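Understanding the architecture of this molecule
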Amino acid sequence: DEALSAILGSAAGGGGKATRSIWPKPFPGFKGLFTYRVAAAKRAADDRLGNGIYLWALDILPGTVVLRERGGGSPTLSIECQMKKTLLDLPEDACSQMKACLNCYVIEHWYGEAHSQDKVFRLDSIGDKYVDSTINFQVKGMPLSRPLLAGEYEMLLADDEKVIRAVHTSWVRFAKLNPDEATGIMFRVDSGSSICPMLRPPVDDTLVKKLRQATELLCGATVYQRGEPRKVYYHPIGLQMHEINSIAGHFQASIIVSMEFMMTRDDVFEYIIRPEGWRPEWLPNTFEVTNARDTNSVSVWVESARLKSHKASNKPCVLAHLVVTYQGIFVEKYEMEAFPFDVQPLHIRMRAVQEYDVTMVLIRKNNQQLESALRKSWMISEWKLLDVTVVDLQQDLDAKAGRSTVRATKGGAALALHANGTETRMHVVCTVQRHARSYLIRIFGVLFILCMLSVCIFVIDLADDLPDRIGHSFMMILTLTAYSQVVSDFLPVLGYLTLLDKVVLMCFWYLTMIVLQLTYVGYLSSSDAAIDSDDPYWWNRFFALLDLAILFTALFSACLYVTFVVVPRELRKQPDDPQCMPMTQEETEETDIPFDLAS
């Protein structure tokens, strides 16, 4: 501190203000974590170190940092400090000598240089003897010597002077790693007030607890390394149906989509130390709905990302968990040929465009949970839930420009990298079947009664009430016409006939046949009839019995047809393939290739 005061005092003119604003006085202590990756199977430099991640606790001890001016107008300062390094975790296949160093530490006196105008400094040499150590560097077969373990560090003090980011540069060069594979982060130690310790107690214990939490997350875990292709694991975790309107051609629903992706170590540290308002340094593009009724009919809520530790294939990894909720009105093209025995796949169509090195991977194992949760919350009495499926597809956007070929992969393997990125489509399909019982009673039952009552006209006397017989038959046709107008309210305007329309038309033909029969019998019973051998009463009874036979035969045949033809055909309906769906103006015009992604 005295040396730093002398520097600041001597630099009062010229660059003194800049030096005073750059470095804190006194220089506080810092605690943090440091990791580097080893791969003995691929690099000879990592021989006997194993394959995986080494996790160290790294502490710059408070009160040991000294800054000195070098003189001669040099823009750099000399810096020295004491730093403690403790081994917290190592690969399972590391040698026994390294395993013996677990939870051991070494305190070294470090020397280096710092920039007077930037908050960067380098520690590149250590003293002839360590300050303190529980690591035995003299043991036979120890793969890391004291100078090699110490190495060289480049460090950056944040503008708020609360965080130091470090890179073990010597290990990066020695093992030929990316800088992200040998990085660490340290947080400022607040020692509190020595005068008023009750009002301002030290928070060192809190920092230690947070670092211990980060250690538990990072021990043996895989994190994202900058420069690697990214994978985003997504799946719908919640689905609710609020309304199904086949007349208007839409349905109202809400869906919750989960997106998970690996985080960097810096993200983990930031989340543990400052969880309020935490945001990963990278976020994927969320899905957008492509079959919304209009631009304002679907609301989207994006929750703040959360940290999640996940264990897959006995290999833990640290993920960021992003939850997006969509609620609104979705357009659907209903197929009504079999109404009211129809089955409808209701599609929620979504798409997301990511950067060229991002692969979207659908987790399929949660579909059963999604369906089970939807069944518990199902409140639409007109429809029965059959199943829930999720259909996905990926394509590269370079194919539109002809720069590469659309290429799909299975098993979650990475796609080819393309300059314009990749597009992922997801269709969440809720297959529902209409409850036909109410329609059978309210519509088909009434139609059957009308047809059956029409046969009763044959009991009216032929000789005296011929006009009444004809009048009653036309009255039944008018009744059927009026009821058919009521039935049409159950259906939208379509360009084809539904099963209900066909049944109504058959009823009209049936009543028309009865009118013709009554006319023929009336003709035979008239005095001017030329056919004396025909008995009108015999024909009257014959037509009555024939019509009843036709009616019940048609009813039996219709039951068989619906049971064994219509319903099975409807149940075989498949959801729309994303490949065959028409594209919007924002989408490419290339043909898509559907494929499955294994979870």
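Since we're looking at a predicted model, the values are computed, not measured.

**Quick look at a nonpolar patch on the surface**
- There is a patch of nonpolar side chains on the surface, built from Phe556, Leu560, Tyr561, Phe564 and Val565 and spanning about 510 Å² of accessible area.
- In this structure, Phe564 sits in helix 12 (residues 536–571).
- Residue Phe564 is classed as exposed on the basis of its relative accessible area, which comes to 59%.

**Concerning the nonpolar core**
- Counting 96 residues, the largest nonpolar core has Leu239, Ile244, Phe251, Phe287, Tyr326, Ile348 and Trp378 as the members making the most contacts within it.
- Every residue in contact with Leu239, bar those within four places of it in the chain, is listed here: Ser254, Ile255, Ile348, Leu370, Leu374, Ser377, Val388, Val428 and Cys430.
- Listed in part, the 48 residues of the second largest apolar core include Leu90, Cys101, Phe121 and Tyr153.

**Concerning the pattern of salt bridges**
- Applying the stated criterion across every chain, the model contains 18 salt bridges.
- For Glu152, the salt bridge identified is with Arg173, shortest N-O distance 3.3 Å. Separated by 21 residues along the polypeptide, Glu152 in the loop between helix 4 (146–150) and strand 8 (153–157) and Arg173 in helix 5 (residues 169–175) bring together distant segments of the chain.
- Taking relative accessible area as the criterion, Arg173 reaches 52% and is therefore assigned exposed.
- Three or more residues joined by partner-sharing salt bridges are found here, namely Glu113, Arg122, Asp124, Glu152 and Arg173.

**Observations concerning the pairing of strand 20 (residues 422–434)**
- Taking burial as the measure, the 13 residues of strand 20 include 13 buried ones, the bulk of the element.
- Alternating residues of strand 20 divide into Thr422, Thr424, Met426, Val428, Cys430, Val432 and Arg434 and Glu423, Arg425, His427, Val429, Thr431 and Gln433, and every residue in both groups is buried.
- Bridging between strand 17 (residues 343–354) and strand 20 involves 12 bridges; their strand directions are antiparallel. Bridge pairing in strand 20 places Val353 opposite Glu423.

**Digging into helix 8 (residues 367–376)**
- Among all positions of helix 8, only Asn367, Leu370, Glu371 and Leu374 are buried. Along the long axis of helix 8, the arc covered by the buried residues comes to 95 degrees, so they all point the same way. Exposed residues pointing more than 90 degrees away from the buried face of helix 8 are listed as Gln368, Gln369 and Lys376.

**Focus: the environment of Tyr561**
- Inspection of the secondary structure assignment puts Tyr561 in helix 12.
- Other than its neighbours up to four places away in sequence, Tyr561 contacts Leu499, Val566 and Arg569.

**Side note on the packing of aromatic side chains**
- Taken as a whole and assessed by the stated rule, the structure comprises 21 aromatic pairs.
- Judged by centre distance (6.2 Å) and plane angle (40 degrees), the rings of Phe341 and Phe444 are tilted. Placement of the pair is Phe341 in the loop between strand 16 (315–331) and strand 17 and Phe444 in helix 9 (residues 437–455), with a sequence separation of 103 residues. For the pair Phe341 and Phe444, a shared accessibility class is recorded, and that class is buried.
- Each ring, one from Tyr439 and one from Phe490, has its centre 5.6 Å from the other, and the planes form 75 degrees; the classification is edge-to-face.

**With respect to the pairing of strand 5 (residues 105–115)**
- Most of strand 5 sits inside the fold, with eight of its 11 residues counted as buried.
- The sheet contact formed by strand 4 (residues 76–89) and strand 5 spans 11 bridges and is antiparallel. What sits directly across from Thr86, in strand 5, is Tyr105.
- Examined bridge by bridge, strand 5 and strand 7 (residues 132–133) share two bridges and lie antiparallel to one another. Among the inter-strand pairings, Ile107 is bridged to a residue of strand 7, identified as Asp132.
- Where strand 5 lies against strand 6 (residues 120–126), five bridges are found, and the strand directions are antiparallel. Looking at strand 6, one finds that Ala114 is bridged to Phe121.
- The hairpin formed by strand 5 and strand 6 contains four residues between the paired strands.

Calculation criteria
Residues numbered from 1 in each chain as written. Predicted model: local features only at pLDDT ≥ 70, side-chain atom pairs only at ≥ 80, totals over all residues. Heavy atoms only, no water. Patch = residues over 30% accessible without salt bridge, like charges linked within 9 Å, V, L, I, M, F, W, Y side chains within 5 Å. Areas by Shrake-Rupley, 256 points an atom, 1.4 Å probe, with all protein chains shown as cover. Salt bridge = Lys/Arg side-chain N within 4 Å of Asp/Glu carboxyl O. Helix = DSSP H or I, 4+ residues; strand = E, 2+ residues; numbered from the N terminus. Buried < 20%, exposed > 50% of the residue type's maximum accessible area, 1.4 Å probe, protein only. Core = buried A, V, L, I, M, F, W, Y, C linked by side-chain atoms within 4.5 Å. Contact = heavy atoms within 4.5 Å. Pairing = 2+ DSSP bridges. Arc of directions from axis to C-beta. Phe/Tyr/Trp six-rings, centres within 6.5 Å; stacked < 30°, edge-to-face > 60°.

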